[in-house]
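Analysis of the macromolecular model
Single-letter residue listing:
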Amino acid sequence: MTTLVLIITNSLILVKPKSVQAQTIPVTASWRQASFPVENFQAYTSGYGYRMHPISGDTRFHRGLDLAAPLGSYVRSWWSGQVVSLSDHTGCGTMITIQSGKWTHIYCHLMGSVENTAKGTVLVDRSGGIVLWQGQNVPAGARIARVGMTGRTTGPHLHWELKYNGNHIDPADVLRQMFAQRI
Ligand SMILES: [Zn+2]
């Protein structure tokens, strides 16, 4: 066995060999309130880490996890939190950033566009029934957007990033912990 199980206070921590996992994710008492971030999920098409970029051909670090789903599938907020940023002018396309305590969750290549109005900044996807305001609080599992093709992408998917204390985390590690608690 290469996996050690340590019991520290009341937390259970799985320690993997360093070659398998360079980063460890924070121990959370419960992942039960977390939501899988997309409906009609089909496949993980690109993981976290170094890869050849499908468009530029450059080798670069992929800071998120790509989840393929049919165009127009609803994206759900992974955790309850506040919409802290909306954008639609980078390679990420139409993009939402939500803050939940020390966690930041980022969603890219969404449908719709960002409008600056007298009342504030808002992501609008009218045919999907989405109106999401910057500064708005959203519950876990809320439909916040739909899978689109905005920004640099070769097919419909959700590019999903997670940060803890500002540092990127492999979202697959978090999903594995969420599924481990689902019995
Ligand atoms: Zn991606």
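This text goes with the structure placed above it.
Now for a look at the structure at hand. Since the model is a prediction, treat every value here as computed from it, not as a measurement.

The rules behind the values
- Residues numbered from 1 in each chain as written.
- Predicted model: local features only at pLDDT ≥ 70, side-chain atom pairs only at ≥ 80, totals over all residues.
- Heavy atoms only, no water.
- Pairing = 2+ DSSP bridges.
- Helix = DSSP H or I, 4+ residues; strand = E, 2+ residues; numbered from the N terminus.
- Axes fitted to C-alpha atoms, helices over the stretch in contact; angles between N-to-C directions.
- Disulfide = S-S within 2.5 Å.
- Buried < 20%, exposed > 50% of the residue type's maximum accessible area, 1.4 Å probe, protein only.
- Phe/Tyr/Trp six-rings, centres within 6.5 Å; stacked < 30°, edge-to-face > 60°.
- Polar contact = N/O pair within 3.5 Å; in protein donor to acceptor, adjacent residues only side chain to side chain.

1. Brief notes about the sheet that holds strand β12 (residues 120-125)
Reading across from one edge, β11-β12-β13 is the order of the 3 strands in this open sheet, with antiparallel pairing throughout. One side of each edge strand has no neighbouring strand; the edge strands of this open sheet are β11 (113-117) and β13 (130-133). Direction aside, neighbouring strands of the sheet carry axes that sit 25° apart on average. Sheet topology places β12 next to β13; 4 bridges connect them, and they run antiparallel. What sits directly across from Leu123, in β13, is Leu132.

2. What to know about the state of the cysteines
This structure, assessed with the given rule, holds 1 disulfide. Across the disulfide, Cys92 is cross-linked to Cys108 (sulfur-sulfur distance 2.3 Å). The S-S bond linking Cys92 to Cys108 shows a torsion near 65°; that makes this disulfide right-handed. Of this pair, Cys92 sits in the loop between β8 (81-87) and β9 (94-100) while Cys108 sits in strand β10 (residues 103-110), and the two are 16 residues apart along the sequence.

3. A short note on the environment of Arg182
Within the secondary structure, Arg182 is located in the segment after α1 (171-180). Note on Arg182: relative accessible area 44%, which makes it partly exposed. C-alpha separation for the pair Arg182 and Trp31, spaced 151 residues apart in sequence, amounts to 9.0 Å.

4. Some words on the packing of aromatic side chains
Scanning the entire structure with this criterion turns up 12 aromatic pairs. A centroid spacing of 4.6 Å and a plane angle of 50° characterise the contact between Phe41 and Tyr44, whose relative ring orientation is tilted. Seen in terms of ring centroids, Trp78 and Trp79 are 5.0 Å apart; in terms of plane orientation they differ by 50°. Their pairing is tilted. By relative accessible area, Trp79 is classed as buried at 15%. Aromatic ring contacts, followed pair by pair, group Trp31, Trp78, Trp79, Trp103, Trp160 and Tyr164 into a single cluster.

5. What about α1?
Listed in full, the buried residues belonging to α1 are Pro171, Ala172, Asp173, Val174, Leu175 and Met178. N-cap assignment for α1: the residue whose side-chain oxygen lies 2.9 Å from the backbone N of Ala172 is Asp170.

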